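Coordinate inspection notes
For reference, the chains in residue letters:
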Amino acid sequence: VLHGVVAMDGPSGTGKSTVSRRLARELQADYLDTGAMYRAVTLACLRAGLTAESPAEEITKVALSAGIESVTDPAAPRILLEGEDVEAEIRGEAVTKAVSAVSAVPEVRAALVARQQASIAAASGIVVEGRDIGSVVAPDAGLKIYLTASEEVRAARRNRQDLRAGRTADAAATLADVQRRDRLDSTRKTSPLHAAPDALVLDTDELSVEQVHTALLALVEERG
Ligand code: C5P
């Protein structure tokens, strides 16, 4: 059983969601997917007729008024937007294309970080995944993991995930999207994607989900 916070950061396609959920289930902890929150806010913006190029003030206005609720049960995590389960829609192409622009707006980040910190404070044990968890959201987390993998491996994983979920997936387009989001997420001014200095970096190129899971369990145990 987990007490405290495990911060799981890294770019997309590293297996972050899969291993975070699994770790939370195993440790009977909550699971918070912060990427889903940025995606839900992005969906709210798109539904309000905004685009990735809309002025930051308009994006902020929609983001601050959007009714988002995260269900943190690792057996069935989902995100609600105005009470509607939008789990499938937030993984689609339109949201994926616009999310990095929306999440680069500092006011959007401030609002979501505050909610994330409230969820963390309310939980006794929680696995939180994102891009800035160890560096900004939960700098005191007992364990900070930064998952990495090469661009090619990450794109291939995203592609398989898309195919399994019944979304059309083109390998070249997926790789281009992974590269584009990495660039945007790593170069934005507010909380760019980077490993916290005290995070343990795990390269998953050669590791199966099973192997990553086993390594994480050992780390949690080691830290008490
Ligand atoms: O993890 P996921 O791919 O669902 O995240 C979607 C996007 O949300 C990322 O590409 C990034 O732009 C943004 N994000 C963020 N900070 C987080 C989590 C996600 O900026 N903590």
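Data block above holds the structure.
Residues numbered from 1 in each chain as written. Predicted model: local features only at pLDDT ≥ 70, side-chain atom pairs only at ≥ 80, totals over all residues. Heavy atoms only, no water.

1. As for the packing of helix α3 (residues 56–65) against helix α5 (residues 106–122)
- It is at 9 Å that the axes of α3 and α5 come closest, and there the two elements cross at 15 degrees. Comparing the axis directions of α3 and α5 gives the class roughly parallel. Between α3 and α5 the crossing geometry is right-handed. When α3 is examined against α5, the residues Ile59, Thr60, Ala63 and Leu64 are found in contact with a partner set consisting of Glu107, Val108 and Ala111.
- A breakdown of the residues in the contact of α3 with α5 according to their chemical character gives 5 nonpolar, 1 polar and 1 charged. (Axes fitted to C-alpha atoms, helices over the stretch in contact; angles between N-to-C directions. Helix = DSSP H or I, 4+ residues; strand = E, 2+ residues; numbered from the N terminus. Parallel < 35°, antiparallel > 145°, perpendicular 65-115°, else oblique. Left-handed = near helix turned anticlockwise from the far one by under 90°. Contact = heavy atoms within 4.5 Å. Nonpolar A, V, L, I, M, F, W, Y, C, P; charged D, E, K, R; others polar.)

2. Examining the site of the ligand
- Around the ligand sit 17 residues, and of these Arg39, Arg109, Asp132, Asp185 and Arg188 come closest.
- Arg188 is positioned with one of its side-chain polar atoms (N or O) 2.8 Å from an oxygen atom of the ligand.
- In isolation the ligand offers 460 Å² of accessible surface; the protein chains occlude 98% of this area.
- Listing elements by their share of the shell around the ligand, those giving two or more residues are α2 (34–47), α4 (93–103) and α8 (171–187).
- Sorting elements by how many residues they give to the shell around the ligand places α2 first, with 4 residues. (Near = heavy atom within 4 Å. Polar contact = N/O pair within 3.5 Å; in protein donor to acceptor, adjacent residues only side chain to side chain. Areas by Shrake-Rupley, 256 points an atom, 1.4 Å probe, with all protein chains shown as cover.)

3. Concerning the nonpolar core
- Ile79 and Val108 are the most contacted members of the largest nonpolar core, which totals 36 residues.
- Those elements that place two or more of their residues in this core are β1 (4–9), α2, α3, β4 (78–81), α4, α5, β6 (125–130) and α6 (133–137).
- Element by element, the count of residues in this core is highest for α2, at 8 residues.
- Of all hydrophobic cores here, the second largest spans 18 residues; its members include Leu23, Tyr31, Leu147 and Val220. (Core = buried A, V, L, I, M, F, W, Y, C linked by side-chain atoms within 4.5 Å. Buried < 20%, exposed > 50% of the residue type's maximum accessible area, 1.4 Å probe, protein only.)

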